[in-house]
Amino acid sequence: MSSELPDLNRIAVLGATGSIGTSCLDVIAAHRGRLQATALTAHRGWERLAQQCQQHQPRFAVISDSSMRDQMGGNVFPRGTEVLFGPEGIEQVSGHPEIDTVVCGIVGAAGLRGAWAAIESGKRVGIANKETLVVAGPLVMELAAKTGSVLIPVDSEHSAVFQALQGGRRCDLKRIVLTASGGPFRGWSKERLEREVTIERALAHPTWQMGPKITVDSASMMNKALEVIEARWLFNLVVDEIGVMIHPQSIVHSFVEFVDGSVLAQLSPPDMKLPIQYALTYPERWAGTIRRLDWSQSHQLDFFPPDLDAFPALRLGFEVAKRGGTCGSVLNAANEVAVERFLDGSLKFTEIPQACGDILNGHNFDAQPTLAELLRLDEWARKEMQQWKSSQSI
Ligand code: MG
């Protein structure tokens, strides 16, 4: 039922004011009459959300931080838009019968609740929030199988794998190789990373325009670590079937290798609008306004194996993907706070993977946790990371 593309795809954009959300609204605006923004949500940014509502006239707007209710000016939302407050509002729109597709663009573990509600209601779900699968991969996939919810990855690498898999049978898959730009510190040694990384440099990504959290994650390669874990659950792979290659141009978004040795890749300029649109139109492809490769120019595509000693975060990703259970929840939560601490100057860049590794090793592992247990460990790991000091690991 939900795998069929409706004539008018009514979309809930969770995290509408963020980087994924605004790109998603651009895609929707380019396909009026076939795509419709029916619900938009934001955490606190009600002014920006109100502007978006003026443009898109959705049926619902949700502000998940309910304390914003008192700060909001009157009559900023269009008359036809019902405004809801609190995380319950996100759950309400995600499962609403007037919604066909939910795009989960909320950053971090906070995005899990909305994604869960959407999957529970059997919606088509565009997963841009990798934490949903990192934190609760087995439970999420089990739920989707039960409700018939179709999960379409929006993360560019996973979208590439998903697209390349359309060219072969899943049972003939040998491995996938996720590409990584390498971020601003590509080629740097461990020693140089310890000495020379600044917050400004970590926030200057060479090829992708993204929010600060994911930009720092790209610089540390924790983003790729989370993507390895995400891929492990989304495509039901074992760790040995997942590879990573550094590809500075960010044109090849990932590879799929089949048993006969044939490799399929998906290529396009680095622009999130393409994977977002594909998630909204799958299995169709629509012409649009998205930037294309220029075949009148020369192109050079480079691929290098990653340096796991300089970027130990990636090693953590493979380890967590292998162990599963509670590890994803702990790594993700620890890393979220570590990035905050790096951005406020209380943690060095190279301490991010070090601290995450310490907390991961110190947690009470469970191979088959419940959702409640995962959320409890998420909280625990955050507290541990708040208190973590480098002396602990000496
Ligand atoms: Mg990605």
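In this text, all values refer to a predicted model and were calculated from it rather than measured experimentally.

J.: How should I be thinking about the coordination of the magnesium ion in this particular structure?
T.: Octahedral six-donor coordination of a metal ideally yields angles of 90 or 180 degrees, compared with 109.5 degrees for tetrahedral four-donor coordination. Protein ligation of the magnesium ion involves D155 (OD), E157 (OE) and E227 (OE), the donor distances falling in the range 2.1 to 2.2 Å. In the primary sequence, the donor residues of the magnesium ion line up as D-x1-E-x69-E. One end of the pair, E157, is in helix α6 (residues 156-164); the other, E227, is in helix α10 (residues 222-234), and 70 residues separate them in sequence.

J.: What exactly am I supposed to notice about the sheet that holds strand β5 (residues 101-104) here?
T.: What links the strands of a sheet is backbone hydrogen bonding, and the strands pair in either a parallel or an antiparallel sense. Read from one edge to the other, the open sheet built from seven strands follows the order β4-β3-β2-β1-β5-β6-β7, with strand pairing classed as parallel. What marks the edges here is a single partner per strand, and that holds for β4 (82-85) and β7 (150-153). Across the sheet, the mean angle separating the axes of adjacent strands is 20° when strand polarity is ignored. Pairing geometry for strand β2 (residues 35-42) and strand β3 (residues 60-63), over four bridges, is parallel. Bridge assignment links L40 to a residue of β3, and that residue is A61.

J.: Please clarify how the packing of aromatic side chains should be interpreted in this entry.
T.: Two descriptors summarise a pair of aromatic rings, namely the distance from one centre to the other and the angle between the planes of the rings. Per the stated rule, a full pass over the model turns up seven aromatic pairs. Where F162 meets Y282, the ring centres are 5.0 Å apart and the plane angle is 65°; that geometry is what we call edge-to-face. Pair noted here: F162 is in helix α6 and Y282 is in the loop between α11 (273-281) and α12 (312-323), with a separation of 120 residues, a long-range link. Accessibility classification places F162 together with Y282 in one group, the buried group. Arranged with centres 5.2 Å apart and planes meeting at 75°, the rings of F185 and F349 form a pair that is edge-to-face. Taken as a pair, F185 in the loop between β8 (173-180) and α7 (190-196) and F349 in the loop between α13 (327-343) and α14 (351-361) lie far apart in primary sequence, 164 residues in all. Across the pair, F349 and F185 agree in class, each one buried. Just above the ring of W233 sits the side chain of R232; from NZ or CZ to the centre is 3.8 Å. Residue placement shows R323 over the ring face of F365; its charged tip is 4.5 Å from the ring centre.

J.: Looking at this structure, how should I read the sheet that holds strand β9 (residues 242-246)?
T.: In spatial order, the strands read β9-β8-β10-β11; together these four strands make up an open sheet with mixed pairing. The sheet terminates laterally at β9 and β11 (263-267), the two strands that pair on one side only. When strand polarity is set aside, the average angle formed by the axes of neighbouring strands in this sheet is 20°. In this structure, strand β10 (residues 252-258) lies alongside β11, joined through five bridges in antiparallel fashion.

J.: Please explain helix α9 (residues 212-220) as it appears in this structure.
T.: Every α-helix carries 3.6 residues per turn, so stepping three or four residues along brings you back to the same face. Judged by how many residues are buried, α9 sits mostly within the fold: seven of nine residues are covered. Among the residues making up α9, those that are buried are K213, T215, V216, D217, S218, A219 and S220. Of the residues one or two after α9, M221 is the one with positive phi, at around 70°.

J.: Would you explain the nonpolar core in this entry?
T.: Across soluble globular proteins, nonpolar side chains show a tendency to be buried alongside one another. I176 and M385 are the most contacted members of the largest nonpolar core, which has 124 residues in total. With nine residues, α13 is the single largest residue contributor to this core. Of the domains in this structure, domain 1 (9-154 + 272-281) and domain 2 (167-265 + 303-387) are the two that each give at least three residues to this core. When near neighbours in sequence (up to four residues on either side) are disregarded, M385 contacts A334, V337, A338, R341, L347, A355, C356 and I359.

J.: Any chance you could explain unusual backbone geometry here in plain terms?
T.: With glycine set apart, most residues show a phi of negative sign, and most peptide bonds adopt trans. The peptide bond linking Y282 to P283 adopts the cis configuration, its omega dihedral lying at 5°. Topologically, P283 is positioned in the loop between α11 and α12. In this structure, M221 is a non-glycine residue whose phi angle is positive, near 70°. Structurally, M221 can be placed in the loop between α9 and α10. Of note in the backbone geometry, S250 takes a positive phi value of approximately 50° without being a glycine. With respect to the helices and strands, S250 occurs in the loop between β9 and β10.

About the cut-offs
- Residues numbered from 1 in each chain as written.
- Predicted model: local features only at pLDDT ≥ 70, side-chain atom pairs only at ≥ 80, totals over all residues.
- Heavy atoms only, no water.
- Donors = N, O, S within 2.8 Å, 3.2 Å for Na, K, Ca; no water.
- Helix = DSSP H or I, 4+ residues; strand = E, 2+ residues; numbered from the N terminus.
- Pairing = 2+ DSSP bridges.
- Axes fitted to C-alpha atoms, helices over the stretch in contact; angles between N-to-C directions.
- Phe/Tyr/Trp six-rings, centres within 6.5 Å; stacked < 30°, edge-to-face > 60°.
- Buried < 20%, exposed > 50% of the residue type's maximum accessible area, 1.4 Å probe, protein only.
- Lys NZ or Arg CZ within 6 Å of the ring centre and 35° of its normal.
- Core = buried A, V, L, I, M, F, W, Y, C linked by side-chain atoms within 4.5 Å.
- Domains from an automatic or database assignment.
- Contact = heavy atoms within 4.5 Å.

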